[in-house]
Amino acid sequence: MTTYAQVCRDGHILNTSPNPEYIKDYEYCEDCGAEGIIECPECNDQKIIASDQNIRTEDVARGDLDLFCRSCGASFPWAGDNGMVIRKGVFVDDDYVNGAFDRQTVEEINRCYRIGANSAVLVLYRKLLENTIIEILRGHYGTDRIKKFYDNNHSRFHRFSVLVSEFDDSRADLDQYSDNLTDALINKIWEFKGNGDAMAHSIKYEVEDDELEDMSSESAYVANVLLQARNEVQRAN
Ligand SMILES: [Zn+2]
Ligand SMILES: [Zn+2]
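The paragraphs below set out a description of the structure included in this document. Note that this is a predicted model, so its numbers are computed, not measured.

As for the overall build of the chain
- When you go through the chain residue by residue, the secondary structure sums to 6 helices and 6 strands.
- What you see in the chain, going N to C, is helices and strands ordered as β-β-β-β-α-α-β-β-α-α-α-α.
- Based on the C-alpha atoms only, the size of the chain along its principal axes is roughly 70 × 30 × 30 Å.
- For the chain, the exposed area adds up to about 12500 Å²; of that, 43% sits on carbon and sulfur atoms.

Focus on the pattern of salt bridges
- As enumerated under the stated definition, the model contains 14 salt bridges in all.
- We note a salt bridge from R111 to E107, for which the minimum N-O separation is 2.6 Å. Linking R111 with E107, this pair stays in helix 1 (residues 100-115), spanning 4 residues, or about one helical turn.
- With a relative accessible area of 44%, R111 lands in the partly exposed category.
- With a relative accessible area of 44%, E107 lands in the partly exposed category.
- In the salt-bridge network here, residues are joined through shared partners; they are D52, D66 and R70.

Quick look at unusual backbone geometry
- With a phi close to 50°, N44 is a non-glycine residue in the positive phi region.
- In this fold, N44 is placed in the loop between strand 3 (36-37) and strand 4 (49-51).
- One non-glycine residue, S155, lies in positive phi territory at about 50°.
- With respect to the helices and strands, the residue S155 is situated in the loop between strand 5 (150-151) and strand 6 (156-157).
- Relative accessible area serves as the criterion here: at 52%, S155 is assigned to the exposed category.

Re the coordination of the zinc ion (ligand 1)
- Within the first shell, the zinc ion (ligand 1) binds the protein through C8 (SG), H12 (ND1), C29 (SG) and C32 (SG), at distances of 2.0 to 2.3 Å.
- Each of the 4 donor atoms bound to the zinc ion (ligand 1) contributes to angles spanning 104 to 117°, and the resulting shape is tetrahedral.
- The sequence motif formed by the donor residues of the zinc ion (ligand 1) is C-x3-H-x16-C-x2-C. Here the residue C8 occupies a position in strand 1 (residues 3-8), and C32 occupies one in the loop between strand 2 (13-17) and strand 3, the gap between them amounting to 24 residues.

A closer look at the coordination of the zinc ion (ligand 2)
- For the zinc ion (ligand 2), the full set of protein donor atoms is C40 (SG), C43 (SG), C69 (SG) and C72 (SG), and the range of their distances to it is 2.2 to 2.4 Å.
- For the zinc ion (ligand 2), the 4 donor atoms in the first shell make angles of 107 to 114° at the metal, so the coordination geometry reads as tetrahedral.
- Counting along the primary sequence, the residues that act as donors to the zinc ion (ligand 2) give the motif C-x2-C-x25-C-x2-C. Here C72 lies in the loop between strand 4 and helix 1 and C43 lies in the loop between strand 3 and strand 4, a separation of 29 residues in the sequence.

Some words on the packing of aromatic side chains
- Under the criterion given, the structure shown has 6 aromatic pairs.
- Plain terms: the ring middles of F91 and Y113 are 5.6 Å apart, the flat faces sit at 45° to each other, and that makes the pair tilted. Of this pair, F91 sits in the loop between strand 4 and helix 1 while Y113 sits in helix 1; the two residues are 22 residues apart in sequence, bridging distant segments of the chain.
- Ring pairs connect the aromatic residues F91, Y113, Y125 and F192, which therefore count as one cluster.
- Here the guanidinium or amino end of R87 rests over the ring plane of Y113, the centre of that ring lying 4.5 Å away.

Rules used in this analysis
- Residues numbered from 1 in each chain as written.
- Chains lettered and ligands numbered in written order.
- Predicted model: local features only at pLDDT ≥ 70, side-chain atom pairs only at ≥ 80, totals over all residues.
- Heavy atoms only, no water.
- Helix = DSSP H or I, 4+ residues; strand = E, 2+ residues; numbered from the N terminus.
- Areas by Shrake-Rupley, 256 points an atom, 1.4 Å probe, with all protein chains shown as cover.
- Salt bridge = Lys/Arg side-chain N within 4 Å of Asp/Glu carboxyl O.
- Buried < 20%, exposed > 50% of the residue type's maximum accessible area, 1.4 Å probe, protein only.
- Donors = N, O, S within 2.8 Å, 3.2 Å for Na, K, Ca; no water.
- Tetrahedral: all angles 85-135°; square planar, octahedral: opposite > 155°, others 65-115°.
- Phe/Tyr/Trp six-rings, centres within 6.5 Å; stacked < 30°, edge-to-face > 60°.
- Lys NZ or Arg CZ within 6 Å of the ring centre and 35° of its normal.

Take a look at the structure:
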């Protein structure tokens, strides 16, 4: 059975029902104030479909919404200019990016963020943290102390959990590059590691739209502290 939705023009889901006649509850979105609509504003002939199955409102994510009207083909207001964008803004900013890897990874993270590919955001974000920590350890310790970041037995960089532990243990050496390598920062990195693991290794775990948006400012902070420290390490060594 189909689930119909009332959606604000910015793409927030206000209400859903299997019966489109019962759906109009809110004139305006509580989050952003935009008008709530239940049918295609172009043709007024197509109810907005949240899912082709019967699912609960809280299980509908913005990424599930149709981007185009099934009747007239017009793109819905939340589809953005190119029919893809479901939210604005960025998950991490590019204030401290340096080099092609940073730039490409941050761009991909933010592209996934805007189109609602929530799990991909966290997997890529974890990759950004992992790489930045390797660069910090490698930049400071060099190949003389390669064991800090590299697993010679398996000829690869350490697993993320080992890297975070090494980074944590090395803070007395690394403090010279940043004032922000605090316990709180380390704890946040462990939290994001857990989220990234769940995304990469579990088929069941899903991250909600709100959850991801709530993480955004902390994620940007953690990434910026690490990237900035990495830049200082590279400048000094
Ligand atoms: Zn809204
Ligand atoms: Zn239409």
